[in-house]
Amino acid sequence: MKPGYLALCAMALIWAAACASAETLDLSELTENARFAVVREEEKNILHYEEKEGGEWKTVWENDAILPDEEFASLTLNAYSETGVWETEWFEREAGASCSVYGSWNEKLDYAEFSFHIEQGEDGTWRLVVYQNDREDLGVWMLEDCLLFCSGDLSYSAAISLHEANRTASTFDPDEMKGIWTELEKQFEGMPQIVGIGQAFPMFIALGEAKRLPVYEMPGERRMAEDVPLDGWVMLLGRYDEGDWVMVLWQNTDGEYRTGWVETKEDGGFSRAAAYARVFNASESEYDRVETAQETALFSDPIGYTGELCRVPAGVQLFAWFGYATPNEDTLYVETIGNGEYRRGFVKIEDLHIDTHSD
């Protein structure tokens, strides 16, 4: 017997054992000649895209990074050849042929702790659209022109990035998204936390552009003395469902905060980011009547109460636009008349008489 024979036999046995250890966790047919499968092999979960050739299924591409390595308690694939429409809180877009993967590590949960969705483009390439991992507290919509980072369960948005990232499903690596998000968090560290006003959750952007945009107290009225710089962070508080105006908050060189309205027709990254700001719903105000209990200030800084716009006498009725605007619920965004002009800004709750809707 030749010495190399035993070695070849051993290699064959190892190969056979490896093949035997591969387990198909789930598969879903896109068409009769195309399908997706998740295979667990050598303690890794691998996504396969397969097509039928000569009556046999052949792997076209596979990705061993797109799925976490941990074993799932449940895992489901759903492939669809039909086109449709994505409707979210931030955008609406057409969707092509697609495949969704949902998984949970806890068998008692009735929701997915992990998921991603890929779509086939007109060029035939499969690309990521959304990726979500609760364990990593990472959720991101990967759109053609930006990355929209959200909470792990995709329930509210956190930041918009204009980074160019790899979305190709065959080579996608979630570590790239984690890296981008880590860098964004560093820029936003220590920034103020503003609760959603008017059902619009705020979003951070950091464009790093050496330009400034004009800001107005109200859409198109009374340009403010300070423009908003785009070389640092800017918070998008929300936008109107009609028109081209978005409400922003930023920090000036004195360390004070300012709010105002910016027209989104400006070219460049700001317009791209502002298109995904949540829409205000001013019609859902919980207040019947808001009246000043004493003379108070109308200001543009809901954090430090700076940037006074005008004084409002006692006994003046105000229109409360969107409800509370800070975590302590100590200010309201209101509209009033000052010096014969309509003015908008923030007032302290403690300076008001408030009547709320009764059940």
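Before reading further, recall that the structure is shown in the block above.
So, here is what we can say about the structure in this document. (Residues numbered from 1 in each chain as written. Predicted model: local features only at pLDDT ≥ 70, side-chain atom pairs only at ≥ 80, totals over all residues. Heavy atoms only, no water.)

## Observations regarding the layout of surface pockets
Volume-wise, the second largest pocket comes out at about 270 Å³. Residue lining of the second largest pocket: 15 residues in total, with Arg93, Glu119, Gln120, Gly121 and Glu122 positioned closest to the centre. Only strand S7 (92-95), strand S9 (114-120) and strand S10 (126-133) provide two or more residues apiece to the lining of the second largest pocket. When residues in the lining of the second largest pocket are grouped by element, the largest group, three residues, is from S7. When grouped by side-chain class, the residues that make up the lining of the second largest pocket number two nonpolar, five polar and eight charged. (1 Å grid on protein atoms, 1.4 Å probe; cavity = no way out; pocket = protein on both sides within 12 Å on 5 of 7 lines; lining within 4 Å. Points joined across faces, edges and corners; volume = space filled by probe spheres on them. Helix = DSSP H or I, 4+ residues; strand = E, 2+ residues; numbered from the N terminus. Nonpolar A, V, L, I, M, F, W, Y, C, P; charged D, E, K, R; others polar.)

## Some points on the packing of aromatic side chains
Taken as a whole, this structure holds 18 aromatic pairs when the rule is applied. When the centroid spacing of 6.2 Å and the interplanar angle of 65° are considered together, the rings of Phe36 and Trp61 count as edge-to-face. Here Phe36 is found in strand S2 (residues 34-41), whereas its partner Trp61 is found in strand S4 (residues 56-63), with 25 residues between them in sequence. Overall, Trp61 belongs to the buried group, its relative accessible area being 14%. Look at Tyr216 and Trp245: their rings are 5.5 Å apart centre to centre, the planes differ by 90°, and that puts the pair in the edge-to-face class. Residue Tyr216 is located in strand S16 (residues 216-218), and its partner Trp245 is located in strand S20 (residues 245-251); the two are separated by 29 residues in the primary sequence. Linked through ring pairs, Phe72, Trp105, Phe114, Phe116, Tyr131 and Phe172 together constitute an aromatic cluster. The ring of Trp105 carries the charged tip of Arg135 above its face, separated from the ring centre by 4.1 Å. (Phe/Tyr/Trp six-rings, centres within 6.5 Å; stacked < 30°, edge-to-face > 60°. Buried < 20%, exposed > 50% of the residue type's maximum accessible area, 1.4 Å probe, protein only. Lys NZ or Arg CZ within 6 Å of the ring centre and 35° of its normal.)

## Things to note about the nonpolar core
Phe36, Leu67, Phe116, Ile118 and Trp126 are the most contacted members of the largest nonpolar core, which has 54 residues in total. Looking at this core element by element, the count peaks at five residues for helix H2 (residues 174-188). Setting aside its immediate chain neighbours within four residues, Ile118 contacts Phe36, Trp61, Ala97, Ser98, Cys99, Trp126, Arg127, Leu128, Val129 and Ala169. Cys146, Leu213, Val248 and Tyr276 belong to the second-largest nonpolar core, a separate cluster that totals 29 residues. (Core = buried A, V, L, I, M, F, W, Y, C linked by side-chain atoms within 4.5 Å. Contact = heavy atoms within 4.5 Å.)

## A short note on the sheet that holds S4
In sheet architecture, strand pairing relies on hydrogen bonds along the backbone and comes in two forms, parallel and antiparallel. Spatially, S1-S2-S3-S4 is the arrangement adopted by the four strands of the open sheet, whose pairing is antiparallel. Looking along the sheet, the strands with just one partner apiece sit at the ends: strand S1 (23-31) and S4. Strand-to-strand twist of the sheet, defined as the mean angle between neighbouring strand axes without regard to direction, takes the value 30°. Where strand S3 (residues 44-53) meets S4, seven bridges bridge the pair, whose relative direction is antiparallel. Bridge pairing links Glu51 to Lys58 in S4. (Pairing = 2+ DSSP bridges. Axes fitted to C-alpha atoms, helices over the stretch in contact; angles between N-to-C directions.)

## Here we look at empty space enclosed by the protein
Enumeration according to the criterion identifies one cavity of 30 Å³ or more in this entry. Approximately 50 Å³ is the volume attributed to the largest cavity. As for the largest cavity, its lining consists of Glu217, Met224, Met247, Thr259, Gly260, Trp261, Ser300, Leu309, Tyr333, Arg344, Gly345 and Phe346. For the lining of the largest cavity, the secondary structure elements donating two or more residues are strand S21 (257-263) and strand S27 (341-348).

## Topic: the environment of Cys310
With respect to the element layout, Cys310 can be found in strand S24 (residues 308-312). In this structure Cys310 comes out as buried when scored by relative accessible area, which is 7%. Sequence separation between Cys310 and Asn339 is 29 residues; the distance between their C-alpha atoms is 8.4 Å. Those residues in contact with Cys310, other than ones at most four positions away along the chain, are Thr296, Ala297, Leu298 and Arg343.

The values are spatial; any link to function lies outside them.
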